[in-house]
Amino acid sequence: MSDLAFRVTSVEAVSRGVVPLLQFNLEITNTPATETIQAVMLHAQIQIQSAQRAYTQQEKERLVELFGTPDQWGQTLRNRLWTHVNVTVPAFTGRVNVSMPVPCTYDLNVIGGKYFFALDGDDVPLLFLFSGTVFYQTADERLQIQRISWERECTYRMPAHTWRELMETHYPNSAWLYLQRDVFDRLYEHKRRHGLATWEQTIEHLSSPAEVTP
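In this report, the structure presented in the accompanying data block is examined. (Residues numbered from 1 in each chain as written. Predicted model: local features only at pLDDT ≥ 70, side-chain atom pairs only at ≥ 80, totals over all residues. Heavy atoms only, no water.)

Describing the packing of aromatic side chains
- Overall, the coordinates contain 16 aromatic pairs when judged by the stated rule.
- Ring geometry for F24 against W82: centres 6.3 Å apart, planes inclined by 75°, an arrangement best described as edge-to-face. In this pair, F24 sits in strand β2 (residues 21-31) while W82 sits in strand β4 (residues 80-89), placing the two residues 58 residues apart along the sequence. In this pair, the class of F24 matches that of W82, namely buried.
- Between F24 and Y156 the ring centres are 6.3 Å apart and the planes differ by 85°, which places this aromatic pair in the edge-to-face class. Of this pair, F24 sits in strand β2 while Y156 sits in strand β9 (residues 153-159), and the two are 132 residues apart along the sequence. (Phe/Tyr/Trp six-rings, centres within 6.5 Å; stacked < 30°, edge-to-face > 60°. Helix = DSSP H or I, 4+ residues; strand = E, 2+ residues; numbered from the N terminus. Buried < 20%, exposed > 50% of the residue type's maximum accessible area, 1.4 Å probe, protein only.)

Describing the nonpolar core
- Of all hydrophobic cores here, the largest spans 49 residues; its most connected members are F24, I28, W82, Y115 and F128.
- Apart from the residues lying within four places of it in its own chain, the contact partners of W82 are L22, F24, I46, Q47, I48, V102, C104, G112, F116 and L126. (Core = buried A, V, L, I, M, F, W, Y, C linked by side-chain atoms within 4.5 Å. Contact = heavy atoms within 4.5 Å.)

Honestly, that's just the spatial picture; any functional story needs more than this.
See the structure below:
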């Protein structure tokens with residue numbers, strides 16, 4: 001019977017991906033080391049362990065939308081789901097290293113986007129919860145199937161700047177704003193009616209104080 005252990009060893013931003021992508025490097029170790037693993041259909045749930053780090057005053061102000069004011073954090077500062085990832089692990093014996101790609105978004109309506117955007121520095125404490133199916137070969141060369149125990153997990157502290165650098169690569173000097181369709185339609189009509197060339201000009205026009213005529 002296989003016994004898998006997991007460890008995230010590093011993370012890097014994929015600079016030439018079609019979409020923003022972080023690549024976590026995952027080390028998988030099996031016991032007994034002589035057993036042949038034919039394949040693993042691996043699923044990982046990644047959570048943000050928000051209570052496992054300290055925050056600056058500026059970070060606390062940006063995180064009010066997620067956790068409320070700091071006086072409420074005793075009840076609200078808890079693990080938050082970031083994302084789910086599926087990985088197919090090839091055949092190996094003993095130990096293998098695989099890449100675990102995680103698509104990222106700049107959508108600040110998404111929990112992960114809000115949280116990462118709020119951070120100035122330090123590390124992001126992450127919890128990886130693993131599940132899935134292992135296909136392995138016994139000593140008499142019979143193929144066996146086994147579920148991965150729900151207790152399999154590991155932690156990793158990701159540098160906060162990794163996410164920021166990834167977004168700056170894909171969206172240099174930019175940020176994304178999600179609007180419902182009816183709000184966008186009104187914004188588009190304002191842009192057209194006033195002959196504004198860009199969306200930046202449109203937002204600036206709306207946010208500028210109205211001219212007061214004597």
